[in-house]
Amino acid sequence: SNRIFEMAKRILIAGDSFGCEWPNGEGIGWPLILSETHAVNNVAQAGVGEYKILKQLHDLSARDSYWVNNYDCVIVCHTSPSRIHTPKHPVHKQGLHADCDLIYSDITNKFDWFNPRLKTAKNWFYHHYDDDYQKDLYQILREEINRYVTIPYLAVDNFSISNQFAKETHTLDLTDIWPEHRGEVNHYTKEGNQIVLKQIIDKLDKIC
């Protein structure tokens, strides 16, 4: 492939675990492969909700108000609307998921009488969760991310639940690919990571 000889792009990756750098032990995910030929800064965090994805961009801006000048394009892997923000997860405290937000499927199968924060989280989902609120808030946050990124921006969706909110100019819908290629790294198999990588590179070649 002559792609190697094309100019390397300066790419920012933000978002959730579909986009973050996974430890290398399980194999190499698409973000790490992308960084072999491009200058990639990856600020994505595993298990985060949409608010924390917006904060990833705010944090860059706080360090450098002209942060967009450091990149040719931005990739954001959007998360599920049903993740609930928490500054401190009751179970995940270190490693890949240290910044994790709450999602019902993640806490429903964990139980510990001696973890009152876990009990509170479960009860909150049971008594207070409101799907309409979550979706409306998610849409607002997503629109704000879209406004905040003023350079070419690729919005990536791996879930059909989030893909219905994909109103950005440049989007990548992976909702059919993920179920077919679920795996250990960035939630994809080795083959799945290659497919995702190719689709992302094809999109970026068109937009930046």
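Predicted, not measured: the structure shown is a model, and the values here were computed from it. (Residues numbered from 1 in each chain as written. Predicted model: local features only at pLDDT ≥ 70, side-chain atom pairs only at ≥ 80, totals over all residues. Heavy atoms only, no water.)

Asker: What is the right way to read unusual backbone geometry from this model?
Answerer: The phi angle at Asn-186 is positive, at roughly 55°, despite the residue not being glycine. Position of Asn-186 among the secondary structure elements: in the loop between β6 (182–185) and α8 (190–207). Judged by its relative accessible area of 1%, Asn-186 falls in the buried class. Although it is not a glycine, His-187 adopts a positive phi angle of roughly 70°. (Helix = DSSP H or I, 4+ residues; strand = E, 2+ residues; numbered from the N terminus. Buried < 20%, exposed > 50% of the residue type's maximum accessible area, 1.4 Å probe, protein only.)

Asker: Whenever I open this one, the packing of aromatic side chains confuses me. Can you help?
Answerer: To describe a pair of aromatic rings, you give the distance between the ring centres and the angle between the ring planes. Applying the stated criterion across every chain, the model contains nine aromatic pairs. Between Phe-18 and Tyr-188, the aromatic rings sit 6.1 Å apart at their centres with planes inclined by 70°, giving edge-to-face as the arrangement. Taken together, the positions of Phe-18 in the loop between β1 (10–15) and α1 (30–37) and Tyr-188 in the loop between β6 and α8 put the pair 170 residues apart, joining distant regions of the chain. No difference in accessibility class separates Phe-18 from Tyr-188, as the two residues are buried. Ring centres of Phe-125 and Tyr-129 lie 5.7 Å apart, and the angle between their planes is 25°; this geometry places the pair in the stacked category. Since its relative accessible area comes to 9%, Phe-125 is described here as buried. By relative accessible area, Tyr-129 is classed as partly exposed at 27%. (Phe/Tyr/Trp six-rings, centres within 6.5 Å; stacked < 30°, edge-to-face > 60°.)

Asker: Looking at this structure, I do not really get the pattern of salt bridges. What am I missing?
Answerer: It is possible for side chains of opposite charge to pair when their charged atoms get near one another. Taken as a whole and judged by the stated rule, the model has eight salt bridges. Two residues, Asp-157 and Arg-142, come together in a salt bridge whose shortest N-O distance is 2.8 Å. With Asp-157 in strand β4 (residues 153–157) and Arg-142 in helix α5 (residues 131–148), this pair connects stretches of sequence that are 15 residues apart. With a closest N to O distance of 2.8 Å, Lys-198 and Asp-202 form a salt bridge. (Salt bridge = Lys/Arg side-chain N within 4 Å of Asp/Glu carboxyl O.)

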